[in-house]
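Here is what each chain is made of, one letter per residue.
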Amino acid sequence: MSETTQEVSPVETREGTVEITLKVNGKSHRIAVEPRMLLSDVLRHELGLTGTHVGCEQGVCGACTVLVEGEPQRSCLMFAVQAEGREITTVEGLTPEAGLSPLQAAFERHHALQCGFCTPGMIVTCEALLRSGRPVTEETVREAISGNVCRCTGYQFIVDAVLDAAKEGAR
Amino acid sequence: MKPAPFQYHRAVSVDDAVTALATLPDAKLIAGGQSLIPLMNFRMSRPQTLVDISHLDNLASVTLSDGVLVLGALLPHQRLCEDALIREQVPVLAEAAQHIGHWAIRTRGTLGGSLAHADPAAELPAAMVALDAEFVLRSVRGTRTVAARDFYLGFLTTDLAADEMLTEVRIPVPPQGWYGFAEVARRAGDFALAGAYVQVRDDGGGSVTWFGISGGPERREFESVPEDAAALWRELLADVDVTDDDDYRRHLGVLVADWAYRRAQGEAQR
Ligand SMILES: Cc1cc2nc3c(=O)[nH]c(=O)nc-3n(C[C@H](O)[C@H](O)[C@H](O)COP(=O)(O)OP(=O)(O)OC[C@H]3O[C@@H](n4cnc5c(N)ncnc54)[C@H](O)[C@@H]3O)c2cc1C
Ligand code: FES
Ligand code: FES
């Protein structure tokens, strides 16, 4: 994984793969991928960023949500080759070197996670909401996470956590 | 499961895209991938070549000229919801787009992709039929324009040829009369079980366009709406070949038309 970005992409290399440059969490990665590889799989298996979870691979569960140019998108519904040239942010990129982000801390305070499977997608989606400048109300939070399935919490504590984090941000 | 192998071509222009589409083996366009990739993940679709048009950012434009609102094929659904010009000129389109999937789907899925994919329960194809839009289709053979009403031919079937790309949508504005929209879905973000657009003109006449109840958009005209509006919707639904659950779909069809009609009336009184 060198960090050069000069080559014109995608370049066909060994049979069946192309070389691309992926920008993830502020770092450029030069990697060879098969075009059919989903961004979710490349993040997890090639880059070791296993915070991005994979549930359904059909866009429904939201566990794989990442930010593309700051907007929430499904990494299971995007080929890694398509993501070239775009700024990708995963949950790792939203986590400080030490400790937790204010939103993550609010999740902890409010017990907004149990098994944690949905949590990365929730954090990514809700962080996008907080950063979007949209009003943060119970209604907009519920609308934002309507595409993120949680089997454990019943959502209420997640909503509480996001509203709390929004208040904190405003202080 | 994972998608089957394919060759990847990233288009750098519309010309490049249609040339690739015409010359590469078993080539298919990919825009937002929000319909195509789920199908490929389950190997229900396995094209040999994908021509990626998702980087043609200049096709994500909204312009207004000479009474025509021109929407680029690569506009993500979320832009339909939020764009100031769209909200001003065709608010019903912005409202309907809000019902497409979830936020993370709307930021990626495109107008052209939805119109070409032609899911019978999709909001946008019916919107275009209701709004008398035209589609501009490009191929190496040239450019043609087709009315949305003539484009939809039945279940997942359109007038789009295998070598054609939908590049833009042209909506005459201001629309004639007032529009209302309504749909019923089991959960927020699900495809609609039934939906409708109702247009009401100054003279009391108008049209209703249903989606989700049959193989594609179903538009019917009316001269006026009687006191018992539901009777009119039932009558107009009579010759629609509904997908399944005959009584239930027709019931929903009446319901959504009625709600959409009331909203159109509300718009008219503003
Ligand atoms: C969880 C989930 C929920 C959804 N809910 C809804 C919903 O409620 N309502 C709804 O309408 N949709 C829904 N969708 C589908 C979504 O709207 C898609 O974005 C849309 O149907 C296809 O757009 P796309 O850009 O993603 O197209 P793609 O998936 O890239 O392509 C779809 C098809 O269109 C062709 N195509 C794409 N662009 C063009 C073009 N410019 N010219 C010619 N052919 C083209 C492709 O070759 C392919 O056959 C949902 C999707 C998911 C994953
Ligand atoms: S794994 Fe992507 S939405 Fe479920
Ligand atoms: S915490 Fe278990 S799925 Fe949400």
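All residue numbers here refer to positions counted from 1 along the written sequence of the relevant chain. Here every chain gets a letter starting at A, and every ligand a number starting at 1, in the order they are written. Side-chain atom pairs in this predicted model are given and counted only at pLDDT of 80 or more, local residue features only at pLDDT of at least 70, and totals for whole chains, interfaces and linings cover all residues. Values reported for side chains reflect all heavy atoms of the structure, with hydrogen atoms and water molecules removed beforehand.

**Quick look at the site of ligand 1**
Close to ligand 1 lie 35 residues, the nearest being Leu-29, Gly-33, Gln-34, Ser-35 and Thr-110 of chain B. Proximity is defined per residue: if any heavy atom of the residue lies within 4 Å of a molecule or strand, that residue is considered near it. Neighbouring residues of ligand 1 are distributed over chains A and B. Lys-28 of chain B is positioned with one of its side-chain polar atoms (N or O) 3.2 Å from an oxygen atom of ligand 1. N or O atoms within 3.5 Å of each other form a polar contact, as long as, within protein, one can give a hydrogen and the other can take it, and as long as residues adjacent in sequence are counted only when both atoms are side-chain atoms. The contact in question runs from an oxygen atom of ligand 1 to an N or O atom on the backbone of Gln-34 of chain B, over 2.7 Å. Look at ligand 1: alone it shows 960 Å² of surface, and the protein chains cover 94% of it. The set of elements that each furnish at least two residues to the shell around ligand 1 consists of β2 (27-30), α7 (111-117) and β10 (165-172) of chain B. Secondary structure elements follow DSSP: runs of H or I of four or more residues count as helices, runs of E of two or more count as strands, with numbering from the N terminus. Top element by residues in the shell around ligand 1 is α7 of chain B. It accounts for five residues. Three classes are used: nonpolar for Ala, Val, Leu, Ile, Met, Phe, Trp, Tyr, Cys and Pro, charged for Asp, Glu, Lys and Arg, and polar for all others, with Gly counted as polar. Residues that form the shell around ligand 1 fall into these classes: 16 nonpolar, 16 polar and three charged. Only the protein chains shown count as cover for residues, with accessible areas throughout obtained via the Shrake-Rupley method and a probe of 1.4 Å.

**Quick look at the nonpolar core**
Considering soluble globular proteins, one finds that nonpolar side chains tend to be buried as a cluster. Nine residue types can take part in a nonpolar core, namely buried Ala, Val, Leu, Ile, Met, Phe, Trp, Tyr and Cys, and a core is a set of them joined through side-chain atoms within 4.5 Å. Categorising residues by exposure relies on relative accessible area from a 1.4 Å probe, with only protein chains included: less than 20% of the type maximum marks a residue as buried, more than 50% marks it as exposed, and the intermediate range marks it as partly exposed. Within the largest apolar cluster, 56 residues are counted, with the highest numbers of intra-cluster contacts made by Leu-71, Ile-86, Leu-93, Met-128, Phe-135, Val-169 and Ile-171 of chain B. With six residues, the top contributor of residues to this core is helix α8 (residues 123-130) of chain B. Among the nonpolar cores identified, the runner-up in size contains 31 residues, and Val-68, Met-78 and Ile-88 of chain A together with Ile-105 of chain B belong to it.

**Notes on the interface of chain B and chain A**
For this analysis, residues touch if any pair of their heavy atoms sits within 4.5 Å. In this assembly, 35 residues from chain B lie in contact with 32 residues from chain A. Here's the idea: put two parts together, see how much 1.4 Å probe accessible area each one loses, and the total over both is what we call buried area. Of the roughly 2,800 Å² buried at the junction of chain B and chain A (both faces included), carbon and sulfur atoms supply 52%. Counting the surface chain B buries against chain A, the share from its top three residues, Tyr-8, Trp-103 and Arg-108 of chain B, is 24%. A carboxyl oxygen of Asp or Glu within 4 Å of a side-chain nitrogen of Lys or Arg is what we treat as a salt bridge. Taken together, the connections running from chain B to chain A amount to six salt bridges. Between Arg-134 of chain A and Glu-82 of chain B there is a salt bridge, with its nearest N and O atoms 2.4 Å apart. Our count for the contact surface shared by chain B and chain A stands at 15 residue pairs in polar contact (both at pLDDT 80 or more).

**A few points about the packing of helix α2 (residues 102-109) of chain A against helix α3 (residues 119-132) of chain A**
All names here are of chain A. Note on method: axes are straight lines fitted to C-alpha atoms, helices fitted across the in-contact stretch only, with angles between N-to-C directions ranging 0 to 180 degrees. At a minimum axis distance of 10 Å, the contact between α2 and α3 shows a crossing angle of 125°. The angle between the axes of α2 and α3 places the two elements in the oblique class. Between α2 and α3 lies a crossing whose hand is right-handed. Contacts between α2 and α3 involve Leu-103, Gln-104 and Phe-107 from the first element and Thr-119, Met-122, Ile-123, Cys-126, Glu-127 and Leu-130 from the second. Taken together, the residues that form the contact of α2 with α3 break down as six nonpolar, two polar and one charged. Working definition: roughly parallel below 35 degrees, roughly antiparallel above 145 degrees, roughly perpendicular at 65 to 115 degrees, and oblique for all remaining angles. Two helices crossing with the near one rotated counterclockwise from the far one by less than a right angle form a left-handed crossing, whereas a clockwise rotation gives a right-handed crossing.

**Considering the confidence of the model for chain B**
Per-residue confidence from the predictor is reported as pLDDT, a score between 0 and 100. Averaged over every residue, the pLDDT of chain B is 96; the share at 70 or more is 100%. For this predicted complex, the interface score ipTM comes out at 0.93, alongside a pTM of 0.95.

**So, the environment of Leu-137 of chain B**
Residues and elements named next belong to chain B. Within the fold, Leu-137 resides in strand β6 (residues 134-139). Along the sequence, Leu-137 and Asp-163 sit 26 residues apart, while their C-alpha atoms lie 9.8 Å from each other. Filtering out sequence-adjacent residues up to four positions away, Leu-137 remains in contact with Gly-142, Thr-143, Arg-144, Val-146, Phe-151, Leu-160, Glu-164, Met-165 and Leu-166.

**Considerations on the sheet that holds β2 of chain B**
Residues and elements named next belong to chain B. Note on pairing: DSSP must find at least two bridges between two strands before they are called paired. Judged by pairing direction, the sheet is parallel, and its three strands sit side by side in the order β1-β3-β2 without closing on themselves. One side of each edge strand has no neighbouring strand; the edge strands of this open sheet are β1 (7-10) and β2. If you compare each strand with its neighbour and ignore which way they point, the axes differ by 25° on average. Looking at chain direction, β2 and strand β3 (residues 49-52) are connected through four bridges and run parallel. Of the residues in β3, the one forming a bridge with Leu-29 is Val-51. Helix α1 (residues 14-23) contacts β1, β2 and β3 of the sheet and is inclined by roughly 145° relative to β2.

**Considering the sheet that holds strand β14 (residues 218-222) of chain B**
Residues and elements named next belong to chain B. Pairing in this open sheet of four strands is antiparallel, and the strands run β11-β12-β13-β14 from one edge to the other. Of all strands in the sheet, those with a lone pairing partner are β11 (178-184) and β14, marking the two edges. Between one strand axis and the next, the sheet turns through 15° on average, direction left out of account. Across six bridges, the pairing between strand β12 (residues 194-200) and strand β13 (residues 206-211) is antiparallel. The partner of Tyr-197 across the bridge, within β13, is Thr-209.

**Side note on the pairing of β11 of chain B**
Residues and elements named next belong to chain B. The buried count for β11 comes to six of seven residues, which makes it a mostly enclosed element. Both β11 and β12 contribute to a ladder of seven bridges, which runs antiparallel. Bridging across to β12, Glu-183 finds its partner in Gly-195.

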